[in-house]
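Below, each chain spelled out in residue letters.
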Amino acid sequence: MNKAIEEIAKVELHCHLDGSTSFELIRQLAEEQGVNLDESKLFVSSQCDGLDDYLQCFDEILKVLQTKDSLKRAVVDVAKQAYKDNVKYIEIRFAPLFHMDQGLTMTEVLEAVASGIDEARHTVGIGVNLLICAMRQHHAEQNQALFDFIHKHNHEAIRGIDFAGPEVGFPTETIEDTIKYGLDLGFNLTLHAGECGCIHNVIEGIKLGSKRIGHGVAINQDKAALQFVKENDVLLEMCPKSNIQTKAITGLKALNLPYLLEHGIPFLINTDNRTVTQTSLNEEYELLMKNELMTLEQIKHINKRAVRYAFLTEDEKMNLLLKM
């Protein structure tokens, strides 16, 4: 590993809790809970056919993330991994509705994850906050009820909402009313879009008020769309290795990073799912440097710039910049 990359202070804004819980903790939780896991399904295979195939890994991981104890420990685990990457601030996202299969209530799920946040902040020593994922494929009433709940039982660590799930069959206009509902409650919005080749989903998401776009790679070769991103001051949350595995891009050059850097298009490199993808943030940057797509100075630049797009107060952003 390049020591110079390790030493750069970093921000991570697109990291899923379930897909990033370490293999070691998943195995330990399975043993404690008496859950029989197919460990070969915890990681994406080299024969991954696309996003649907990639997402099947989560069915296996979620088997052990159905208790308050496991959720709390998973948050701390992911924060520790980020700390090893010299991440100074991370926003961990998760979908509460996927952690209720064994009887946990929504209150218990959020209490467990919030407890993990509190412990991570005090023991790991990095800034940690939460993003709550609604799902494109869920009914509007279900997602709105989720937003109502987290708004009513708000924990200060919950800093925004996201819409994940399949874009194919559920384009942005189908969730438009629910997006507006969440924004009207005062939530910051990031949005998975453009992961499956649809530029339209990215543009519509920005028009509706998303300040960040998860992945967004469908627009990386479209100069007009990239200019629209820049004009609206929206950050693209890129996850290179994950995007290759899901076939969102054919190769690293498709990210078009030199163009983005030259024209000041805001973006940040993230892991997406550390365990499923078998990656770390340092490994993501090392891969880009080896392929001559970024320099050390550019890595430093995009991480400092990303502080502007973190879902933090202005005072919190100023304090974070002092650590960068």
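Residues numbered from 1 in each chain as written. Predicted model: local features only at pLDDT ≥ 70, side-chain atom pairs only at ≥ 80, totals over all residues. Heavy atoms only, no water.

1. Comments concerning the overall build of the protein chain
Selection rule: Helix and strand definitions follow DSSP, with helices as H or I runs of at least four residues and strands as E runs of at least two, each counted in order from the N terminus. This radius of gyration counts C-alpha atoms alone. The globule rule is 2.2 Å times how many residues there are, raised to the power 0.38. Accessible area is worked out with a 1.4 Å probe on protein chains only. A residue is then buried under 20% of its type maximum, exposed over 50%, and partly exposed in between. Should any heavy atoms of two residues lie within 4.5 Å, those residues are considered in contact. Working definition of accessibility: Shrake-Rupley area with a 1.4 Å probe, residue cover restricted to the visible protein chains. In this tally, Lys and Arg are treated as positive and Asp and Glu as negative; His is ignored, and so are the chain termini. Note on charges: their place is set at NZ of Lys, CZ of Arg, CG of Asp or CD of Glu.
When helices and strands are counted, the protein chain shows 16 helices and 8 strands. Its C-alpha atoms give the protein chain a radius of gyration of 18 Å, near enough to 20 Å, the size a compact globule of 324 residues would have. Reported as C-alpha extents along the three principal axes, the dimensions of the protein chain are approximately 50 × 45 × 45 Å. When burial is assessed residue by residue, the protein chain has 56% of its 324 residues classed as buried. Contacts spanning at least 24 positions in sequence make up 74% of the contacts within the protein chain whose residues lie at least 6 apart. When the accessible area of the protein chain is evaluated, it comes to approximately 13,500 Å², of which 49% is carbon and sulfur surface. If the 33 positive side-chain charges of the protein chain are averaged to one point and the 48 negative ones to another, these points end up 6 Å apart.

2. Structural notes on the pairing of strand S7 (residues 235–238)
Spelled out, the test is: For two strands to pair, DSSP has to find at least two bridges joining them. A clockwise course of the path from the first strand over the helix to the second, judged with the strands pointing away from the viewer, identifies a crossover as right-handed.
Of the two faces of S7, the one holding Leu-235 and Glu-237 and the one holding Leu-236 and Met-238 are both buried throughout. Where strand S6 (residues 212–215) and S7 come together, 3 bridges link them in parallel fashion. For Ile-213, the partnering residue across the bridge sits in S7 and is Leu-236. For the handedness criterion, the β-α-β arrangement of S6, helix H10 (residues 223–231) and S7 is classed as right-handed. Taken together, the 3 bridges between S7 and strand S8 (residues 267–269) define a ladder with parallel strand orientation. Across the sheet, the residue bridging to Met-238 is Ile-269, located in S8.

3. Digging into the packing of helix H7 (residues 140–152) against helix H8 (residues 176–184)
The line we're drawing: Between N-to-C directions, angles span 0 to 180 degrees; the directions come from axes that are lines fitted to C-alpha atoms, helices contributing only their stretch in contact. Orientation is classified from the angle alone, with under 35 degrees giving roughly parallel, over 145 giving roughly antiparallel, 65 to 115 giving roughly perpendicular, and any other angle giving oblique. Note on residue classes: Ala, Val, Leu, Ile, Met, Phe, Trp, Tyr, Cys and Pro are nonpolar, Asp, Glu, Lys and Arg are charged, and everything else, Gly too, is polar.
Direction vectors running N to C along H7 and H8 enclose 10°, while the axes themselves pass 10 Å from each other. Taken together, the axis directions place H7 and H8 in an arrangement best described as roughly parallel. On H8, the residues that touch Ala-140, Asn-143, Gln-144, Phe-147 and Asp-148 of H7 are Asp-177, Thr-178, Tyr-181 and Gly-182. Its residues assigned to classes, the contact of H7 with H8 shows 3 nonpolar, 4 polar and 2 charged.

4. Description of the sheet that holds strand S1 (residues 10–16)
Ordered by their spatial adjacency, 4 strands build an open sheet running S1-S2-S3-S4, and the pairing between neighbours is parallel. Sheet topology places S1 and strand S4 (158–164) at the edges, where each strand pairs with a single neighbour. Here the average twist between neighbouring strands, direction ignored, is 25°. In this structure, strand S3 (residues 127–135) lies alongside S4, joined through 6 bridges in parallel fashion. In the strand pairing of S4, Met-135 is matched with Ala-164.

5. Notes on the packing of helix H6 (residues 106–123) against H7
Note the cut-off: Should the near helix be turned counterclockwise from the far one by less than a right angle, the crossing is left-handed, whereas a clockwise turn marks it as right-handed.
With their axes 11 Å apart at the nearest point, H6 and H7 run at an angle of 55° to one another. One way to sum up the angle between H6 and H7 is to call them oblique. The handedness of the crossing between H6 and H7 comes out as right-handed. For the pair H6 and H7, contact is made by Met-106, Thr-107 and Leu-110 and by Leu-146, Phe-149 and Ile-150, respectively.

6. Some thoughts on the pattern of salt bridges
Note the threshold: The term salt bridge refers to a side-chain nitrogen of Lys or Arg lying within 4 Å of a carboxyl oxygen of Asp or Glu.
Applying the stated criterion across every chain yields a total of 22 salt bridges. Arg-121 is paired through a salt bridge with Glu-156; the nearest N and O atoms lie 2.3 Å apart. Residue Arg-121 is located in helix H6, and its partner Glu-156 is located in the loop between H7 and S4; the two are separated by 35 residues in the primary sequence. Between Arg-212 and Glu-237 there is a salt bridge whose closest N-O contact spans 2.6 Å. On the criterion of sequence distance, the pair formed by Arg-212 in strand S6 and Glu-237 in strand S7 is long-range, its members being 25 residues apart. The burial state of Arg-212 is the same as that of Glu-237; both residues are buried. Three or more residues joined by partner-sharing salt bridges are found here, namely Glu-91, Arg-93, Asp-162, Arg-212 and Glu-237.

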